[in-house]
There are 2 protein chains.
Amino acid sequence: MTTPPSLAITLPPWIAEVVDWNRRLEGDEARMDLAIRLSKENVERGTGGPFGAVIVEHGTGRLVAVGVNSVVRLTNCTLHAEMVAFQFAQQRVGSFTLAGPGLAVHELATSCEPCAMCLGAILWSGVKRVVCGAARDDATRLNFEEGPVFDDSWRYLEERGITARRQVRRAEARAVLELYRGRGGAIYNG
Amino acid sequence: MTTPPSLAITLPPWIAEVVDWNRRLEGDEARMDLAIRLSKENVERGTGGPFGAVIVEHGTGRLVAVGVNSVVRLTNCTLHAEMVAFQFAQQRVGSFTLAGPGLAVHELATSCEPCAMCLGAILWSGVKRVVCGAARDDATRLNFEEGPVFDDSWRYLEERGITARRQVRRAEARAVLELYRGRGGAIYNG
C-alpha cells in the first residue's frame, strides 16, 4: 500500500451562495465582515471550524479568494482558513507568490489572529498586509493550540514589510468562536 | 470569475521509482537518508526545491508518507516537503491528526530544519518527534526566508511533548542545498 496519488482541496459548495465575486470590498471592516460571515456559515452549515479568511487586492478591494477552515472535512491538519485562501489565490493569479511581478498588492483578512503555521505562511504567501478579527486568546479559550506565536513573530513580519491591523470587529468574530463552543464543535489539535 | 472549485496536491511521478514502501526504516539515520534522497531527486529531476520529508511509525519504522517541496511545480506557497508529507500521511491513516485514537506514534524526518510555517504545522500534525538534517542557517544561506523560528519556538513544542533531534546527516543534507544553489534553482520567497 502506498499513499494516494493525489489529494483534492475543495471549498464547501455553499461558498457559491454566500460570496458575491463582483462586489468590491472597500475598507478593513467590509473585508472583515466577509471573513466573519464565512466563519459563521462554516459553523452553521457544519463544514468546519469557526474560521474564515479572504484575500483582496489592497487598492481596489477586488476579491481574489476565500478560505474556510477545512481540517475535519478534508482530514487535513494544514487546511486552516488562511491556508486555503492562499492556495486558491495563488492558483487564480498563477503565481506561487501574491507579490509576483505585475501583480497588484494583496492583503489578507482573517476572522482570527493566525496560529504559528498560518503566520509563517503569511511570509511565503506574498500578502503585504494582514487584518485580524478575534484575538489569539479568544481561540485559546476554546482550547485550540495556536502554537509558538510571540510579539517577536509579528515584529519579524513587520521588518520584512508586512503590516498588521489586529482586533477589527473582534466582538463579532469572537461571537462565532463562542457559537462553535456552544455547539460542542471539534477541537482538532494534533 | 471565481476561484477554481478544486486544487490537486500531487507527488511527482518519480516517487514511485525511488520509494520502497515495504522497507522498514530503522533508526534516525535511515529515515534521514530517505528524506535527503528525496530532496536530491527533487533537484535533479527539476520538480522543486531541495527539501524532502518522510513520516514513519516511530516504533516499527513503517513508512507512512513522503513529501517533496512542490511550491513552484504546483504554484502553491504552502507545499513545503513537510506539509506535503503531513497531508498524505493524514489521508492514508484517515485522521486529521497522526496522534488520533488507535494510531501508532508517528515521527517526521525532514532534510532541513522547518521554517516557521512547517514548525507550526508540526504541532497540528500529531507527530511526536522530529528529526532534522540541514540547519536553518544552511537554508538562509541560499536566501530562503525561513520565518520567525526562535529557540522559544522549539521549547514550545518540547513543552507539549514533541521532541526534536537536529543536524542528523547535516553535511549530506546541506550538500543538496548547495547543489540547488549551484544550479541556480528558484528561491520562492513571498
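Residues numbered from 1 in each chain as written. Chains lettered and ligands numbered in written order. Predicted model: local features only at pLDDT ≥ 70, side-chain atom pairs only at ≥ 80, totals over all residues.

## Section: helix α2 (residues 28–44) of chain A
Residues and elements named next belong to chain A.
Here comes step 1: End to end, α2 covers 24 Å across 17 residues, agreeing with the expected 24 Å (1.5 Å per residue, within 8%).
Here comes step 2: With 12 of 17 residues buried, α2 lies mostly within the body of the structure.
Here comes step 3: As for α2, its buried residues are in contact with α1 (15–18), β2 (52–57), β3 (63–68), β4 (106–112), β5 (129–134) and α7 (170–182).
Here comes step 4: Gly46 sits one or two residues past α2 and shows a positive phi near 70°. (Helix = DSSP H or I, 4+ residues; strand = E, 2+ residues; numbered from the N terminus. Expected span 1.5 Å × (residues − 1). Buried ≥ 20, exposed ≤ 12 C-beta atoms within 10 Å, placed from the backbone. Contact = placed C-beta atoms within 7 Å.)

## Describing helix α3 (residues 81–93) of chain A
Working note: α-helix, 3.6 residues per turn, so residues spaced by three or four point in the same direction.
Residues and elements named next belong to chain A.
Here comes step 1: In a regular helix each residue adds 1.5 Å, so 13 residues correspond to 18 Å; α3 covers 18 Å between its end C-alpha atoms and thus fits that length.
Here comes step 2: Here α3 lies mainly inside the structure; 12 of its 13 residues are buried.
Here comes step 3: By the burial criterion, the buried members of α3 are Ala81, Glu82, Met83, Val84, Ala85, Phe86, Gln87, Phe88, Ala89, Gln90, Gln91 and Val93.
Here comes step 4: Gly94 sits one or two residues past α3 and shows a positive phi near 75°.

## Brief notes about the relation of the copies chain B and chain A
Here comes step 1: Each copy of the sequence occupies a distinct position, and chain B is placed on chain A by a rotation of 180° and an axial shift of 0.0 Å, giving an RMSD of 0.0 Å. A rotation of that kind, with that shift, is consistent with a two-fold axis. Proximity to the rotation axis, assessed at the C-alpha, singles out Met117 of chain B in chain B; its C-alpha lies 2.0 Å from the axis.
Here comes step 2: Looking at the interface residues of chain B, 100% of them are also at the interface in chain A, so both copies use one shared face. (Least-squares fit on C-alpha atoms with pLDDT ≥ 70 in both.)

## Here's the deal with the pairing of β5 of chain A
Residues and elements named next belong to chain A.
Here comes step 1: Among the 6 residues of β5, 5 are classified as buried, and the element is accordingly described as predominantly covered.
Here comes step 2: As a crossover connection, the stretch from β4 through helix α4 (residues 116–125) into β5 is right-handed.
Here comes step 3: In terms of strand pairing, β5 meets strand β6 (residues 163–165) through 3 bridges, oriented parallel. Note on β6: the bridge partner recorded for Val130 is Ala164. (Right-handed = clockwise from strand over helix to strand, strands pointing away. Pairing = 2+ DSSP bridges.)

## Here's the deal with the interface of chain B and chain A
Here comes step 1: Between chain B and chain A, the contact holds 49 residues from the first and 49 residues from the second.
Here comes step 2: For the side of chain B that touches chain A, the secondary-structure elements that each account for two or more residues are β1 (6–10), α3 (81–93), α4 (116–125) and α6 (151–159) of chain B.
Here comes step 3: Here the residues of the side of chain B that touches chain A are counted per class, giving 27 nonpolar, 19 polar and 3 charged.
Here comes step 4: Alignment of strand β1 (residues 6–10) of chain A against β1 of chain B, held across 5 bridges, turns out to be antiparallel. The residue bridging Ala8 of chain A from the neighbouring strand is Ala8 of chain B, located in β1 of chain B. (Nonpolar A, V, L, I, M, F, W, Y, C, P; charged D, E, K, R; others polar.)

Spatial relationships are all this shows, so hold off on functional conclusions.
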